[in-house]
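Results of the structural survey
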Amino acid sequence: MFWKRKSGAEKQLDEKLDRIQKNFENNYKDAAQLNLKEFEDMFRTLSEEGKLTEKQKVFYENQLEELNGRMKNFTHKDQKPFWV
């Protein structure tokens, strides 16, 4: 088997994605939203600096779009009380 080593940029983005997923699963809404913003900023910066290939850009752009959709109403203010 041939294993491709991930670049530093990929490792950074993957670590941020992992943190977002863990916070999402644990219902840490504010932390997940903050990590999503950090991921988006990091992705944009790395893209602009040319540290990602086109294939990587497409992959992480898709991840960003998916996460934005999942977290659209994932905030405490949108949480409905259980007694309503």
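Here's a quick rundown of the structure. Numbering of residues starts from 1 in every chain and runs along the sequence as written. Reporting of local features is limited, given that this is a predicted model, to residues whose pLDDT is at least 70; pairs of side-chain atoms are given and counted only at 80 or more, and all residues count toward the totals for whole chains, interfaces and linings. Just so you know, side-chain values use all the structure's heavy atoms and leave hydrogens and water out.

Section: the packing of aromatic side chains
- Working definition: a ring pair exists when centres of Phe, Tyr or Trp rings (six-membered ring for Trp) sit within 6.5 Å. Plane angles under 30 degrees give stacked, over 60 give edge-to-face, the rest tilted. With the rule as written, the count across this model stands at 3 aromatic pairs.
- With centroids separated by 6.5 Å and ring planes inclined at 15°, the aromatic side chains of Phe39 and Phe43 adopt a geometry described as stacked. Of this pair, Phe39 and Phe43 both sit in helix H2 (residues 29–48), 4 residues apart, roughly one helical turn. This pair shows no difference in class: Phe39 is buried, exactly as Phe43 is.
- Pairwise contacts between aromatic rings join Phe39, Phe43, Phe59 and Tyr60 into one cluster.
- In this scheme, the term charge over a ring applies when either NZ of a lysine or CZ of an arginine sits within 6 Å of the ring centre and within 35 degrees of the ring normal. Residue placement shows Arg70 over the ring face of Phe24; its charged tip is 4.0 Å from the ring centre. By the criteria applied, helices consist of DSSP H or I runs no shorter than four residues and strands consist of E runs no shorter than two, each listed in order from the N terminus. Using a 1.4 Å probe on the protein chains alone, a residue whose accessible area is under 20% of its type maximum counts as buried, one over 50% counts as exposed, and one in between counts as partly exposed.

Points about the pattern of salt bridges
- A carboxyl oxygen of Asp or Glu within 4 Å of a side-chain nitrogen of Lys or Arg is what we treat as a salt bridge. Going through the model one piece at a time under the given rule, you end up with 7 salt bridges.
- With its nearest N and O atoms 3.1 Å apart, the salt bridge here joins Asp18 to Lys22. Here Lys22 and Asp18 lie together in helix H1 (residues 8–25), a separation of 4 residues that amounts to about one turn.
- Overall, the relative accessible area of 38% leaves Asp18 in the partly exposed class.

Notes on H2
- A helix is expected to span 1.5 Å multiplied by its residue count minus one. Its 20 residues place the ends of H2 29 Å apart at the C-alpha level, agreeing with the 28 Å of an ideal helix rising 1.5 Å per residue.
- Where H2 is concerned, the buried positions are Lys29, Ala32, Asn35, Leu36, Phe39, Phe43, Leu46 and Ser47. The arc enclosing the buried residues of H2, seen along the axis, measures out at 120°, which places them on a common side. Opposite its buried face, H2 presents the exposed residues Asp30 and Glu48, each directed more than 90 degrees away.
- Here, two residues are considered to be in contact whenever any of their heavy atoms come within 4.5 Å of each other. Where the residues of H2 are buried, they touch H1 and helix H3 (54–70).
- Gly50 sits one or two residues past H2 and shows a positive phi near 75°. Working definition: the arc comes from the directions between the helix axis and the C-beta atoms, pointing outward to the latter.

Digging into the nonpolar core
- Residues grouped as a nonpolar core are buried Ala, Val, Leu, Ile, Met, Phe, Trp, Tyr and Cys residues, joined through side-chain atoms within 4.5 Å. Core analysis: the biggest nonpolar cluster contains 14 residues, and Leu13 and Phe39 have the highest contact counts within it.
- If you list the elements that add at least two residues to this core, you get H1, H2 and H3.
- Looking at which element gives the most residues to this core, the answer is H2, with 5 residues.
- In this structure Leu13 touches Phe39, Met42, Phe43, Leu46, Leu52 and Tyr60, once residues within four positions along its chain are discounted.

Distances and angles like these do not, on their own, reveal function.
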